[in-house]
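Single-letter residue listing:
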Amino acid sequence: MDTVWARDPTEGFILGRISELLVEGAEVIPINPKFQRRVLPFSDIFKAQEDDKDKDYDDNCEMVFLNEGSLLNNIRIRYYQNKIYTYVANILIAVNPYKDIPQLYSAPTIKNYQGKSLGQMPPHVFAVADKAFRDMKVLKQSQSIIVSGESGAGKTESTKHLLKYLCVNWGAQAGPIEQKILDANPVLEAFGNAKTTRNNNSSRFGKFMEVHFDKSLHVAGGHISHYLLEKSRICSPQGDERSYHIFYMMMAGAPESLRKQLGLTKPDDYNYLKTGCTRYFTSSANEKKLSAGQKSADHAKSGPLRDILLDDVEDFTTLDGALSRLGLSDADRLQIYTTVAAVLHLGNIEFEDNPEDTRGGCRVSPSKAKALDIASSLLGIDATELRQALESRVMQSSRGGIKGTVIMVPLKVYEANNARDALAKAIYSNLFDYIVNRINQSIPFQASSSYYIGVLDIAGFEFFTVNSFEQFCINYCNEKLQQFFNEVILKFEQELYRREGLSVPEVSFVDNQDCIDLIETKNHGILNILDEESKLPKPAYNHFTSEIHKHWANEYRIALPRSSKLKSHRSLRDDEGFLIRHFAGAVCYQTKQFLDKNNDALHASLEGIVQDSKNKLIQTLFATSNAQKGKLTFISVGNKFKTQLLELMEKLRKNGTNFIRCIKPNNKMIDGQFDGALSLMQLKCLGMTSVLELMEHGYPSRAPFADLYNMYKDYLPPELKKLEPKIFCEAMLHSLKLRDKDFKFGVSRVFFRPGKFAEFDKIMKSDPENLKAIVADVKKFLVKSRWLKAQFCALTVIKLKNKIIYRKRALIVVQKTVRGYLTRKKYGPRIKVLSKIKNLNGNLKKMEAIAGQLKKEKESTTNDINKLKNEIVATMDKIKKDGKIQPSAIDALYAQIVAKVDNQMDSLQKKLLAQKNAEEQARLRKIQEEMEREKKRKEEEERRLKEEEENRRKKAEMEAKRKLEEEQRRKQEEADRREAERLQAEQAKEALDERRYQERLEQERQDHELALRLAQESNGQIEESPPMIRNGGMDSARQSFKLNRSEAVKNQQAALAKGKYDLSKWKYSELRDTINTSCDIELLEACRHEFHRRLKVYHAWKAKNRKRTIMDENERAPRSVMESAARTPKLQQKAPILDNNSQRYFRIPFVRPGGDNSKRGWWYAHFDGQYVARQIELHPEKPPILLVAGKDDMQMCELSLEETGLTRKRGAEILENEFNKEWEKHGGGKYVRPADRKQ
Ligand SMILES: Nc1ncnc2c1ncn2[C@@H]1O[C@H](COP(=O)(O)OP(=O)(O)OP(=O)(O)O)[C@@H](O)[C@H]1O
Ligand SMILES: [Mg+2]
């Protein structure tokens, strides 16, 4: 049977064959014997291409079957061949190879991609960069390239390649600008990237890098916007993670003198570093350069970390070079390094309870006084002032105003720790802002610069065992980006197809606006509730959490932590966290630090001392800082991010958009390993499977007629330039021999199937010789179309002429007819009688003949006849001459003369009869015999007529029966109408519920997968089916992950359960055998029902999964029948009109899809009870197809008679003998009913 992709929890999809159709779906036997056979619902099975299993495609849209299974397979095959890039239409999918692929990014490769349309060269980030550049140039619109994917998927690497491509190709004339833009990356990475468990070089901030171009389209400058630097990392990296690279780079790579000057030793000497991993990234060569004093104990023991791209020793030199090229002087750079070192020393200041303080205050531990001294000297602050500011807080009595009394409030140990960390975080994050600012200043762009290409590299969807405010913000951002993606790719695309009149089937996607509202709405959005909480006199995270649950009590997207699938989350109390169901899965957030993280303002005393620092850089960092201006006016981190995001989305909406979706093939960060399930999940989260569904019928490339014309007019000779854009496009496309289905004309633009625009572009830009041939073709097309137009005009004129002639002729006919009528009315009666009288001459001649035969009274008879003759002549004369004679008089005269003739004739005949009586006797006998024969023939004829009459009667009866049934049905329908309306409403609601449920089921699955991944990563535990606490609507039976069966199937199952037989466990083949062999009529009927139901499900699935190019290849009944079945309401018939014993026969014409309409075939069906028992297909020019149930079920119509609607088709039903005649004519054997078959 069919080769399919079957879902697999670890591989994503595996190849197999369907072996059995079952109630719950199908049984699949994997082709690779290492996998077990399995039963899956049809939603987890996709059609696979049988031949060319190992063929790969540049663009996934070129595959024969566009589905999740083949998408994953294509990406997997290509990954193992080092082809890490693929397209889905215009979207690039990039799989992280975790290794260097030779020549993939070399200078010659860059050159090869320049000016090439998407699809002309193998897929590549360079192709996307080039497309963005060309779109910017042609469409005169700035462009964005959105690079997305999860941590470690390769976003930042892709971004670097994109920028390099743009700078190398169009920045060479820009001089140092180009180098500066490229230099920005190592600097940003040093200060903003860190080693995490998911990526050794993880960007802990988001960025939107704009490359600006001048009017001549050369690089003219740039701008970087950055988002959400992760601050918690500065003070406490955890486990195997490190803090920002710069700390380790300075300790490993800075010259000894600098290290000494800044008091830098080894990572485990610093509180802010020793909680995490303290090893350096170094190559073996550089490892040797490190002295023992630089290495942490762990590094000395376990050796260095390795990564192809990272080396802390070398990276410091690179960073220093980049900073100086960006215009930072030696002094500037020293200030920066000093500030970084100051943060580390600040972290080493520790506090203890002050035994001398009666108010429970604290003091700097005497053993850490040195750290305080170094930190204060590096920061340019007086040590005593710093000590005081850390140990206590200044408060001003509110009544006194500026002159109010200043009170020093001593801090507890934990409060002092918090104050110190807040200061360290503020210094580091302000330093990061400052560095980005300096980069922006060194790559300025003129306001007059024309357009820009912006590359967005921002963390993808994040989920950990413990998720806090950072994950909340980043996931909020990803919800927005996902919505944007849906809008651009799915919604706008479908709207455009509708507007342009292209019929492309609708693709549904989950709208995540509700989730965005949950976070950002003005009144009760989580961000707003958070800000409101901060403004309370005593803000508390529990109160904040309860407020959220209170406001969003009935929202599906948000739930209590105990509904999480992960065991560790369930231990959280209701007021300690919340769970949000994001588009990519459910994430449980712990709210404990939300309030602190949302407010990054320093308290006044700390703010004061840093602003008064003697260190110029520290002063600058805090010059415009967000000082604590009072609770009611502060700008929270969340709010600031919301505004930034709003600006970013505005930019993205204005620009042209390009997407790069990065995939991480395994969690081990190694090359040559493709984890199918992991990759599939990412493809789904990135929306690639929905795009594939859309593209199955879509047209990803398009261009307005005018643009296309402008793009190519320069390649063409003047005579073609004169054409109107639309005609130009028509002429070009028709002459280029592209297939009709590869492009479509909309109202204002042409649409191309995936990859076809590139083909078109390539042809257009091919060498002049080829172009000459194309131009010749276009001219030929134009001449042809003009000639066609001329022909059409001439034909129209001829048609008009013929019409005039026709009317002229018709007029004459009218005249002729009227005249004839008048004349006939006037002379008709006389002429008629005269001719009738003339006919009497014939009688006279007969009389004369009789008279001649008479042997007696011959003479007198002749006289009588002559007299009669004269009388006739006289009558005729009278009629002829009397012009005014009345018709009644004429008739009287005629009757008179006829009576006379008849009398005469009578008497003559009597005479003759008497005479001939004797002679006639013999002859009469002979005649009688002849008549006998004639009678027999007539009887035979009558019998035949009677039989025909009988057939006619039967047909009439049949028609009457049909009408009766129709009447019955109509009545039944009428009776059911009200019921149906009610049911319809109920069904609509159910359908809505069902859809919502399906979406939730998908969400559940996503949540489950996510939880599974987390559980695997963190050795956590996962529990099935958590109770859905607040959202109601889901009964416990629905909690399992089994596919929810449709209502119809459920009804059927319920009915079956109630009935005598439970066939749900029966195999398909067992059903068929029972039908063919059983004598138990009830069992047989039950089997037939179940058998046809499974066939129907199978055919429905097959139709959905059909090949793209060949439509309805397996049509089993004429389309009208299938359509009627689709329309038949699925209401249960209360009293079926048909009993199971009735034998009915039907015949309807049909045309094979794609066939010639004039070549009509016939489709015959014999229904034994509800299902087809025999089926004949007659096609002209093809041998007839005879099919018998029990043998050929797969090719036969599986619908019940009710569903086919055949009984309602006038003239479709035929007699048994008519069917049998056709059956036997084509060699069909005798039919035996299943119940009568011998075992
Ligand atoms: N095209 C590539 N060729 C070779 N190696 C790559 C490529 N892309 C990514 N890598 C490898 O994968 C690592 C992670 O990539 P990258 O830092 O770009 O991920 P990211 O998506 O930016 O992750 P994060 O969100 O954590 O910043 C890189 O350090 C590099 O080792
Ligand atoms: Mg990154």
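The notes below deal with the structure included here. (Residues numbered from 1 in each chain as written. Chains lettered and ligands numbered in written order. Predicted model: local features only at pLDDT ≥ 70, side-chain atom pairs only at ≥ 80, totals over all residues. Heavy atoms only, no water.)

### What about the pattern of salt bridges?
In step 1: A full pass over the atoms with the stated rule returns 80 salt bridges.
In step 2: Put simply, E150 and R1013 hold a salt bridge, and the shortest N to O gap is 2.9 Å. Taken together, the residues E150 in the loop between β8 (143-148) and α4 (155-170) and R1013 in helix α34 (residues 887-1018) connect sequence positions 863 residues apart. The pair E150 / R1013 is uniform in exposure class, with both members buried.
In step 3: Close ionic contact of D514 with R557 constitutes a salt bridge, the shortest N to O distance being 3.1 Å. One end of the pair, D514, is in helix α18 (residues 513-520); the other, R557, is in the loop between α20 (541-551) and β18 (558-559), and 43 residues separate them in sequence.
In step 4: On the accessibility criterion, D514 (32% relative accessible area) is partly exposed.
In step 5: If you follow the salt bridges from partner to partner, you end up with R7, D44, E68, K684, E1002 and R1005 in one network. (Salt bridge = Lys/Arg side-chain N within 4 Å of Asp/Glu carboxyl O. Helix = DSSP H or I, 4+ residues; strand = E, 2+ residues; numbered from the N terminus. Buried < 20%, exposed > 50% of the residue type's maximum accessible area, 1.4 Å probe, protein only.)

### Points about the sheet that holds strand β6 (residues 85-88)
In step 1: The seven strands lie next to each other as β6-β7-β21-β8-β17-β11-β12, forming an open sheet whose pairing is mixed. On the outer flanks of this sheet lie β6 and β12 (219-227), each paired with one strand and no other. Sheet twist, expressed as the average angle between the axes of neighbouring strands with direction ignored, equals 20°.
In step 2: In this structure, strand β7 (residues 91-95) lies alongside strand β21 (residues 656-663), joined through four bridges in parallel fashion. Bridging from a neighbouring strand, V95 pairs with I663 of β21. (Pairing = 2+ DSSP bridges. Axes fitted to C-alpha atoms, helices over the stretch in contact; angles between N-to-C directions.)

### Details of the coordination of the magnesium ion (ligand 2)
In step 1: Surrounding the magnesium ion (ligand 2) are the protein donor atoms T156 (OG1) and S203 (OG), at 1.9 to 2.1 Å. Placement of T156 in helix α4 and of S203 in strand β10 (residues 202-203) is noted, with a sequence separation of 47 residues between them. An identical accessibility class is assigned to T156 and S203; each is buried. (Donors = N, O, S within 2.8 Å, 3.2 Å for Na, K, Ca; no water.)

### Comments concerning unusual backbone geometry
In step 1: Of note, the phi angle at N82 is positive, near 65°, even though the residue is not glycine.
In step 2: For N82, the position within the fold is in the loop between α1 (68-80) and β6.
In step 3: A positive phi angle, close to 55°, is found at K140, a residue other than glycine.
In step 4: Looking at the secondary structure, you find K140 in the loop between α3 (125-139) and β8.
In step 5: Note on K140: relative accessible area 55%, which makes it exposed.

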